[in-house]
Amino acid sequence: MMQQYLFIILGVFAVLSALMVVFTKNPVHSVLYLILTFFAITGEYILLNAQFIAAVNIIVYAGAIMVLFLFVIMLLNLNKETEPHKAQWMKFGAVVTAGLLFMVLVGALKGVEAVTQTPLQNGIGFIQNLGKVLFTQFLLPFEISAILFLAAMVGAVMLSKKDIK
């Protein structure tokens, strides 16, 4: 029962911090609220027993990508004088589009039933199960993607290399 309350609290915190990302005027504060959103979502992943996704979310999103966002924002030197002002019809169109998206999501989720099994009962989210599936059923696509990444790295090195004549 406590797990459900914690899940709801983290969900409300994630939604509120995501709203603060959108409505905050300062871009650096928006990025910091986005980091809080990622931490709340990571807590949700941990409660759902998806430790691998939680670790990847912290390392990749809250770590690397947010550092890149902060660097870009600081390098852009955003001022209110240089910021383009949006027309009223564009703001109205954005509100209408967001409302339509919300209606589609509510309509899509209206007939969904709640899952009765907990992730611990069927072993969902364990890294051991992910490894077994990855290296048994999906071994060939995994190896092909590794070769593609290797080819991309070799291509990037060759393109960045200067021609010596």
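What counts as what
- Residues numbered from 1 in each chain as written.
- Predicted model: local features only at pLDDT ≥ 70, side-chain atom pairs only at ≥ 80, totals over all residues.
- Heavy atoms only, no water.
- Helix = DSSP H or I, 4+ residues; strand = E, 2+ residues; numbered from the N terminus.
- Patch = residues over 30% accessible without salt bridge, like charges linked within 9 Å, V, L, I, M, F, W, Y side chains within 5 Å.
- Areas by Shrake-Rupley, 256 points an atom, 1.4 Å probe, with all protein chains shown as cover.
- Salt bridge = Lys/Arg side-chain N within 4 Å of Asp/Glu carboxyl O.
- Buried < 20%, exposed > 50% of the residue type's maximum accessible area, 1.4 Å probe, protein only.
- Expected span 1.5 Å × (residues − 1).
- Core = buried A, V, L, I, M, F, W, Y, C linked by side-chain atoms within 4.5 Å.
- Axes fitted to C-alpha atoms, helices over the stretch in contact; angles between N-to-C directions.
- Parallel < 35°, antiparallel > 145°, perpendicular 65-115°, else oblique.
- Left-handed = near helix turned anticlockwise from the far one by under 90°.
- Contact = heavy atoms within 4.5 Å.
- pLDDT = per-residue confidence, 0-100.
- Bend = angle between axes of the 7 residues up to and from the residue.
- Phe/Tyr/Trp six-rings, centres within 6.5 Å; stacked < 30°, edge-to-face > 60°.

Chemist: What should I look at first to understand unusual backbone geometry in this one?
Modeler: Note: most residues except glycine have negative phi, and most peptide bonds are trans. With a phi close to 65 degrees, Asn49 is a non-glycine residue in the positive phi region. For Asn49, the position within the fold is in the loop between helix H2 (27-47) and helix H3 (51-76).

Chemist: What is the right way to look at a nonpolar patch on the surface in this model?
Modeler: A cluster of nonpolar side chains, contributed by Met1, Met2, Tyr5, Ile8, Ile9, Val12, Val15, Leu16, Leu19, Val22 and Phe23, occupies part of the molecular surface with about 1200 Å² of accessible area. Locating Val15 in the fold gives a position in helix H1 (residues 2-23).

Chemist: Looking at this structure, I do not really get the environment of Leu6. What am I missing?
Modeler: Relative to the helices and strands, Leu6 is located in helix H1. Here Leu6 falls in the partly exposed class, since its relative accessible area comes to 38%. Distance in space between the C-alpha atoms of Leu6 and Leu47 is 8.4 Å, their sequence separation being 41 residues.

Chemist: I tried to follow helix H4 (residues 88-109) on my own but got confused; where do I start?
Modeler: It helps to recall that an α-helix has 3.6 residues per turn; residues three or four apart then point in one direction. Here H4 contains 22 residues, and its C-alpha end-to-end distance of 32 Å stays within 8% of the 32 Å for a straight helix at 1.5 Å per residue. Of all 22 residues in H4, zero are buried; the element is thus mostly exposed.

Chemist: Looking at this structure, how should I read the nonpolar core?
Modeler: Note that soluble globular proteins tend to have their nonpolar side chains buried in a common cluster. Listed in full, the six residues of the largest apolar core are Val31, Ile35, Phe38, Ala62, Met66 and Ile73. Sorting the residues of this core by element identifies H2 and H3 as the ones contributing at least two each.

Chemist: Looking at this structure, I do not really get the packing of H1 against H2. What am I missing?
Modeler: Packed helix pairs are specified by the crossing angle of their axes together with the interaxial distance, meaning the distance between the axes. Remark: H1 packs on H2, axes separated minimally by 8 Å, with the N-to-C direction vectors making an angle of 160 degrees. Between H1 and H2, the crossing angle belongs to the class labelled roughly antiparallel. For the pair H1 and H2, the crossing hand works out as left-handed. Packed against H1, whose contacting residues are Gln3, Leu6, Phe7, Leu10, Gly11, Phe13, Ala14, Ser17, Ala18, Met20 and Val21, the element H2 presents Ser30, Tyr33, Leu34, Leu36, Thr37, Ala40, Ile41, Gly43, Glu44 and Leu47 at the interface.

Chemist: Explain the confidence of the model for the protein chain to me, please; I cannot follow it from the model alone.
Modeler: Per-residue pLDDT for the protein chain has a mean of 82; in total, 86% of the residues score no lower than 70. Within the protein chain, H1 carries the highest mean pLDDT (93), whereas helix H5 (residues 119-122) carries the lowest (55).

Chemist: In this structure, what is going on with H3? I would like to understand it.
Modeler: Compared with the 38 Å implied by 1.5 Å per residue over 26 residues, the 36 Å span of H3 between its first and last C-alpha is a close match. Most pronounced at Met66, the bend in H3 amounts to some 30 degrees. Taken together, the buried positions of H3 are Ala54, Asn57, Ala62, Met66 and Ile73. Lining the buried residues of H3 we find H2.

Chemist: Even after reading the chapter, I still don't get the packing of aromatic side chains, so can you show me in this structure?
Modeler: Think of a pair of aromatic rings as described by two things: how far the centres are apart, and how the planes are tilted against each other in angle. Summed over all chains, the structure comprises two aromatic pairs. Between Phe38 and Tyr61, the aromatic rings sit 5.6 Å apart at their centres with planes inclined by 35 degrees, giving tilted as the arrangement. With Phe38 in helix H2 and Tyr61 in helix H3, the pair connects residues that are 23 residues apart, well separated along the chain. When its relative accessible area of 39% is taken as the criterion, Tyr61 is described as partly exposed. Seen in terms of ring centroids, Phe135 and Phe142 are 5.1 Å apart; in terms of plane orientation they differ by 80 degrees. Their pairing is edge-to-face. Classification of Phe135 by relative accessible area gives partly exposed; the value is 46%.

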